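If you want the building blocks of each chain, they are given just below.
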Amino acid sequence: LFFNGGVVEFTRLLPSCWLKTVLLRMIGTKIGKNCTIDKGVVVDHIFPETITLEDNVVLEHDVYLDGHEYTSTQTVFGRTLVKSGARIGAGTLVRIGTTIGENSIIEPKSLAHRVIPDNEVWGGIPAKFLRKIDKK
């Protein structure tokens, strides 16, 4: 726990680089090819292995990817999946059990908390459907 927490807190300070990706993979986060993980991004300290980023994902600064949460009576665990080509805006919280579809966009300062279909833009607190993305 302390090791994972130290790695996550250290990687928060780094810009998107190979070292950040290697360190996050080392603690169990699954990260695909060509992912951009900006400064301030936090993966779950306790269960980083529950988070999966597929290829070409972009996480803007200050995104928080959750792997567990507490309620008054229990601890809830779940997987967080960000599919290929997705983009998550700055300051967004992605709760446990969330799947963000391929090429989807989550607007900045949003709360993503459910299955987001492919090729859609969602935003707000909680995130709601805004529009489809035209495939060209």
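Shown above is the structure to which this text applies.
Right, let's walk through the structure included here.

Parameters at a glance
Each chain carries its own residue numbering, running from 1 in the written order of its sequence. Only residues with pLDDT of at least 70 are given local features in this predicted model, and only at 80 or more are side-chain atom pairs given and counted; all residues enter the totals for whole chains, interfaces and linings. Hydrogens are left out, water is left out, and the side-chain values use all remaining heavy atoms of the structure. The secondary structure listing takes helices from DSSP runs of H or I that are at least 4 residues long and strands from runs of E that are at least 2 residues long, numbered from the N terminus. Any helix carries an expected span of 1.5 Å times its number of residues minus one. By definition, residues are in contact when any of their heavy atoms lie within 4.5 Å. Accessible area is worked out with a 1.4 Å probe on protein chains only. A residue is then buried under 20% of its type maximum, exposed over 50%, and partly exposed in between. Here, the term disulfide refers to a pair of cysteine sulfur atoms separated by no more than 2.5 Å. For Phe, Tyr and Trp, rings pair up if their centres lie within 6.5 Å, where Trp contributes its six-membered ring, and each pair is then called stacked (planes under 30 degrees apart), edge-to-face (over 60) or tilted (otherwise). Any N or O atom pair separated by 3.5 Å or less is treated as a polar contact, with the protein-specific requirement of one donor-capable and one acceptor-capable atom, and with residues adjacent in sequence counted only for side-chain atom pairs. At least two DSSP bridges between two strands are needed for those strands to be called paired. In what follows, salt bridge is the name for a side-chain nitrogen of Lys or Arg lying within 4 Å of a carboxyl oxygen of Asp or Glu.

**Side note on helix 1 (residues 2-13)**
And then number 1: Counted at 1.5 Å a residue, the expected span for helix 1 with its twelve residues is 16 Å, and the 17 Å between its end C-alpha atoms agrees.
And then number 2: For helix 1, the secondary structure elements touched by its buried residues are helix 2 (18-26) and strand 3 (42-43).

**A few points about the environment of Phe10**
And then number 1: For Phe10, the location among the structural elements is in helix 1.
And then number 2: A residue is classified by how much of its surface remains accessible, and Phe10, at 42% relative accessible area, is partly exposed.
And then number 3: In the structure, Phe10 is positioned 100 residues away from Ser110 in sequence and 24 Å away in space, judged by C-alpha atoms.

**A look at the state of the cysteines**
And then number 1: Scanning all chains against the criterion turns up zero disulfides.
And then number 2: Here Cys17 is not cross-linked by a disulfide; its sulfur's nearest cysteine counterpart is in Cys35, at 13 Å.
And then number 3: For Cys17, a relative accessible area of 25% translates into the label partly exposed.

**Notes on the packing of aromatic side chains**
Both the distance between ring centres and the angle between the ring planes are used here to describe each pair of aromatic rings.
And then number 1: Counted under the stated rule, the structure contains two aromatic pairs.
And then number 2: Their ring planes at 80° and their centres at 6.4 Å tell us that Trp122 and Phe129 sit as a pair that is edge-to-face.

**Focus: the side chain of Glu60**
And then number 1: Looking at the element boundaries, Glu60 is found in the loop between strand 5 (58-59) and strand 6 (64-65).
And then number 2: Take Glu60: its relative accessible area is 18%, and that puts it in the buried class.
And then number 3: Of note is the side chain of Glu60, whose polar atom sits 2.9 Å from the side chain of Arg87.
And then number 4: A polar atom in the side chain of Glu60 sits 3.0 Å from the backbone nitrogen of Ala90.
And then number 5: In this structure, Glu60 is in contact with Asp38, Val41, Arg87, Ile88, Gly89, Ala90 and Pro108, ignoring residues within four places of it in sequence.

**Notes on the sheet that holds strand 11 (residues 93-94)**
And then number 1: The sheet built from four strands is open, its strands ordered 3-6-11-14 with parallel pairing. Edge positions in the open sheet fall to strand 3 and strand 14 (111-112), since each of these has one partner strand only.

**Topic: the pattern of salt bridges**
And then number 1: Taken as a whole and judged by the stated rule, the model has three salt bridges.
And then number 2: Among the salt bridges present, the one from Arg87 reaches Glu60, with a minimum N-O distance of 2.9 Å. In this pair, Arg87 is assigned in strand 10 (residues 87-88) and Glu60 in the loop between strand 5 and strand 6, connecting sequence segments 27 residues apart.
And then number 3: Residue Glu120 pairs with Lys132 through a salt bridge whose shortest N-O separation is 3.4 Å. With a gap of twelve residues between them, Glu120 in strand 16 (residues 120-123) and Lys132 in strand 17 (residues 128-132) connect regions that are remote in the sequence.
And then number 4: Taking the relative accessible area as the measure of exposure, Glu120 reaches 9% and is therefore buried.

**Points about the environment of Pro108**
And then number 1: Structurally, Pro108 can be placed in the loop between strand 13 (105-106) and strand 14.
And then number 2: Since its relative accessible area comes to 43%, Pro108 is described here as partly exposed.
And then number 3: Taking the C-alpha atoms as reference points, Pro108 and Trp122, 14 residues apart in sequence, are found 9.6 Å from one another.
And then number 4: Excluding anything up to four places from it in sequence, Pro108 contacts Glu60, Gly89, Ala90 and Thr92.

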